[in-house]
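A structural walkthrough
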Amino acid sequence: MVDMQNPISAADFFAAKLAHQTDPADLAAARASGMAPLILDVRSEAGWRQGRIPGAVHLPGPQVAGRIHEFAPDRDAPIVTYCWGPGCNGSTRAAFALASMGYTRVQEMIGGFEYWAREGLAVVTDAGRSRRAPDDLVAPVRGGVSAG
């Protein structure tokens, strides 16, 4: 609920939002530059098997608080959480749990695994690594003129 006595300014809201969220393109760029954070896939085992971001660690949401120390003993380590897609708030819950535990550099990947895959970025399944053609609705049109 918004506290109307002490409302946050729009600038403060958007600055905080940008500090605590990333998107698939920015995460891919960080990985390509060698500055990859710890990437936590907080989905179920079935989701993990269906596909995941290469190099991600599988840590289902209910296990985050009890097991994060195995993967990130440093509370200042950069961490990105993700779940299925924009309709899933499992990554928000995991990021909140981590921040509540004192982790200072936690971000949530907006769009989740769905947008990662739809942008044509590499995915891994138990059968191997693959990449799909980018979806024009979530990735820039390559070699063409974009409307907008």
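Above this text is the structure in question.
Residues numbered from 1 in each chain as written. Predicted model: local features only at pLDDT ≥ 70, side-chain atom pairs only at ≥ 80, totals over all residues. Heavy atoms only, no water.

As for the overall build of the protein
A tally of helices and strands in the protein yields 6 helices and 7 strands. Moving toward the C terminus, one meets the helices and strands of the protein in the order α-β-α-β-α-β-α-β-α-β-α-β-β. Relative to the 2.2 N^0.38 estimate, which gives 15 Å for 148 residues, the radius of gyration of the protein is 16 Å and therefore close to what a compact globule would have. Dimensions along the principal axes, computed over C-alpha positions, put the protein at roughly 50 × 40 × 30 Å. By the burial criterion, 37% of the 148 residues in the protein qualify as buried. When the accessible surface of the protein is totalled, it reaches about 8,800 Å², and 57% of it is carbon and sulfur. (Helix = DSSP H or I, 4+ residues; strand = E, 2+ residues; numbered from the N terminus. Rg over C-alpha atoms; globule rule 2.2 N^0.38 Å. Buried < 20%, exposed > 50% of the residue type's maximum accessible area, 1.4 Å probe, protein only. Areas by Shrake-Rupley, 256 points an atom, 1.4 Å probe, with all protein chains shown as cover.)

Concerning the pairing of strand 5 (residues 106-109)
As judged from the 2 bridges shared by strand 1 (residues 21-22) and strand 5, these two strands associate in the parallel manner. Within the sheet, the bridge partner assigned to T22 lies in strand 5 and is M109. Crossover connection from strand 4 (residues 79-82) via helix 5 (residues 90-100) to parallel strand 5: handedness right-handed. (Pairing = 2+ DSSP bridges. Right-handed = clockwise from strand over helix to strand, strands pointing away.)

Description of the sheet that holds strand 4
Taken in spatial order, the 5 strands of this open sheet run 1-5-4-2-3, and their pairing is parallel. The sheet is open, and its two edges are formed by strand 1 and strand 3 (57-58), each paired on a single side. Packed on one face of the sheet, helix 1 (residues 10-20) meets strand 1 and strand 5 and runs near 85° to strand 5. (Contact = heavy atoms within 4.5 Å. Axes fitted to C-alpha atoms, helices over the stretch in contact; angles between N-to-C directions.)

Side note on the nonpolar core
Residues L38, L40, I68, I79, L98 and Y103 are the most contacted members of the largest nonpolar core, which totals 15 residues. Mapped by element, the contributors of at least two residues to this core are strand 2 (38-41), helix 4 (64-71) and helix 5. Sorting elements by how many residues they give to this core places helix 5 first, with 3 residues. Aside from chain neighbours lying at most four places away, what touches I68 is L38, L40, L59, Q63, I79, L98, M101 and Y103. In this structure, L27, A56, L121 and V123 belong to the second largest nonpolar core, which totals 14 residues. (Core = buried A, V, L, I, M, F, W, Y, C linked by side-chain atoms within 4.5 Å.)

Observations regarding the environment of E108
Inspection of the secondary structure assignment puts E108 in strand 5. On the accessibility criterion, E108 (14% relative accessible area) is buried. Considered as a pair, E108 and R93 are 15 residues apart in the sequence and their alpha carbons are 9.5 Å apart. Once residues lying within four places of it in the same chain are set aside, the contact partners of E108 are H20, Q21, T22, T81, S91 and T92. Side chain to side chain, E108 and S91 meet in a polar contact 2.7 Å long. (Polar contact = N/O pair within 3.5 Å; in protein donor to acceptor, adjacent residues only side chain to side chain.)

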